[in-house]
Amino acid sequence: MSITTVGIVGAGTMGNGIAQACAVSGLNVVMVDISEAAVAKGIATVSGSLDRLLKKEKISAVDKEAALARIKGSTHYGDLNSAQLVIEAATENYDLKVKIVKQLDEMLAPEVIVATNTSSISITKLAAVTSRADRFIGMHFFNPVPMMALVEIIRGLQTSDATHAAVHAMATALGKTPITVKNSPGFVVNRILVPMINEAFFVLAEGLASPEDIDAGMKLGCNQPIGPLALADMVGLDVCLAVMEVYLQEFGDSKYRACPLLKEMVAAGRLGRKTGQGVYSY
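Residues numbered from 1 in each chain as written. Predicted model: local features only at pLDDT ≥ 70, side-chain atom pairs only at ≥ 80, totals over all residues. Heavy atoms only, no water.

An unreviewed UniProt entry lists the protein chain under the name 3-hydroxybutyryl-CoA dehydrogenase, from Rhodoferax lithotrophicus. On record in UniProt, under Sequence similarities (unreviewed entry), the comment for the protein chain is "Belongs to the 3-hydroxyacyl-CoA dehydrogenase family." (UniProt positions renumbered as here; feature names shortened; annotations may be inferred.)

Engineer: In this structure, what is going on with helix α7 (residues 189–205)? I would like to understand it.
Structural biologist: Each full turn of the α-helix corresponds to 3.6 residues, which orients residues three or four apart in the same direction. For α7, which comprises 17 residues, the first-to-last C-alpha distance of 25 Å matches the rise-based estimate of 24 Å (1.5 Å per residue) to within 8%. Along α7, the residues classified as buried are Asn190, Val194, Pro195, Ile197, Asn198, Ala200, Phe201, Phe202 and Leu204. Those residues of α7 that are buried lie in contact with β6 (136–141), α8 (211–222), α9 (228–235), α10 (237–251) and α11 (260–267). Looking one or two residues past α7, glycine 207 carries a phi angle of roughly 70 degrees, positive in sign. (Helix = DSSP H or I, 4+ residues; strand = E, 2+ residues; numbered from the N terminus. Expected span 1.5 Å × (residues − 1). Buried < 20%, exposed > 50% of the residue type's maximum accessible area, 1.4 Å probe, protein only. Contact = heavy atoms within 4.5 Å.)

Engineer: Explain the UniProt feature "domain: 3-hydroxyacyl-CoA dehydrogenase NAD binding" (unreviewed entry) in the protein chain to me, please; I cannot follow it from the model alone.
Structural biologist: Taking the UniProt record as the reference, the feature "domain: 3-hydroxyacyl-CoA dehydrogenase NAD binding" (unreviewed entry) is found at residues 5–183. Span residues 5–183 is 41% helix and 22% strand, its end C-alpha atoms 26 Å apart.

Engineer: Please clarify how the sheet that holds strand β7 (residues 150–155) should be interpreted in this entry.
Structural biologist: By way of backbone hydrogen bonds, the strands of a sheet pair with one another, either parallel or antiparallel. The sheet built from eight strands is open, its strands ordered β3-β2-β1-β4-β5-β6-β7-β8 with mixed pairing. Looking at which strands have only one partner, the edges of the open sheet turn out to be β3 (71–74) and β8 (177–182). Sheet twist, expressed as the average angle between the axes of neighbouring strands with direction ignored, equals 25 degrees. Sheet analysis places strand β2 (residues 28–32) next to β3, joined by four bridges and oriented parallel. Looking across to β3, one finds that methionine 31 is bridged to glycine 73. Across the face of the sheet, helix α4 (residues 94–107) comes into contact with β1 (5–9), β4 (85–88), β5 (113–116) and β6 while running at roughly 165 degrees to β4. (Pairing = 2+ DSSP bridges. Axes fitted to C-alpha atoms, helices over the stretch in contact; angles between N-to-C directions.)

Engineer: I keep staring at a nonpolar patch on the surface and nothing clicks. Help me out?
Structural biologist: A surface patch of nonpolar side chains, amounting to about 230 Å² of accessible area, comprises Met234, Val235 and Val239. Note on placement: valine 235 falls in helix α9. (Patch = residues over 30% accessible without salt bridge, like charges linked within 9 Å, V, L, I, M, F, W, Y side chains within 5 Å. Areas by Shrake-Rupley, 256 points an atom, 1.4 Å probe, with all protein chains shown as cover. Salt bridge = Lys/Arg side-chain N within 4 Å of Asp/Glu carboxyl O.)

Engineer: Help me out: how do you make sense of the packing of aromatic side chains in this one?
Structural biologist: Geometry of an aromatic ring pair is reported as the spacing of the ring centres plus the angle between the planes. All chains considered together, the criterion is met by three aromatic pairs. With a centroid separation of 5.6 Å and an interplanar angle of 70 degrees, the aromatic rings of tyrosine 247 and tyrosine 256 are classed as edge-to-face. You'll find tyrosine 247 and tyrosine 256 in the same group, each marked buried. Put simply, the rings of Tyr247, Phe251 and Tyr256 touch in pairs and so form one group of aromatic residues. (Phe/Tyr/Trp six-rings, centres within 6.5 Å; stacked < 30°, edge-to-face > 60°.)

Engineer: Can you walk me through unusual backbone geometry in this structure?
Structural biologist: The omega torsion of the bond from asparagine 143 to proline 144 falls at 0 degrees, within 30 degrees of zero and hence cis. Mapped onto the secondary structure, proline 144 falls in the loop between β6 and β7. The phi angle at glutamate 57 is positive, at roughly 65 degrees, despite the residue not being glycine. When you line up the elements, glutamate 57 lands in the loop between α2 (36–55) and α3 (61–69). The class of glutamate 57 is exposed, set by a relative accessible area of 72%. Of note, the phi angle at phenylalanine 187 is positive, near 55 degrees, even though the residue is not glycine.

Engineer: I would appreciate a short explanation of the pairing of β6 in the present structure.
Structural biologist: On any regular strand, side chains alternate: one points to one face of the sheet, the next to the other face. Of all six residues in β6, six are buried, a share of seventy percent or more. Alignment of β5 against β6, held across three bridges, turns out to be parallel. Bridge pairing in β6 places alanine 115 opposite isoleucine 137. Here β6 runs beside β7; their pairing, made up of four bridges, is antiparallel. Looking across to β7, one finds that phenylalanine 141 is bridged to valine 151.

Structure representation (structure tokens):
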């Protein structure tokens, strides 16, 4: 299947980032959200991001205008009918995603591929609520989408080889580097990353080193661009805790138990950058 138009449900951080990546690569985009204000904000964010690239001379003014012209904003799901691939990029909430996926399944032509940009929800489980389980797949982009090269392509139990091939080719055409992943909690990157962050909290709780030295050790010793504790603050300590609790529930393995210090900090409302206080003060 040749993908020339991509539909995106959600004009927030991930949705508008995916829209930008698609439009810059020459694909037409239909970006849908529930209100005109949300759509306008999403397009304005893309425009601002392109302005920064223009200032750095990574794109030309002509490139910027051409990319923006390829993005159509809408509040009507019916406008997605021109797409060969529709990516759901709404908030990471199972019930909301099920509602959107069912709505898309009912209105889109049978051959259209539906993808979800989830970071944790089962692709197999979401596919099962549709009539196109073989044409349902996960596309986990990383934030900020225009800058991050990785896309996890997650196959549900029902995903067909043709669907995987089409989405893999599309991700490559965006200039991304796709990796293929089986459906499992956390997929690959977060399965490794979040337990590492959790272990950093155990190290901190045991008083082995200061937060600054823990982060410096991982940056300088493992060539990481940001230390695990600073990254936790960026992601949100509540998000890290929620992911660990999902792993413990799904795998039933005590190695996924959340660090008590992480739990205590979340209980205190010290969630990281978004609250001004986490491991560090902001």
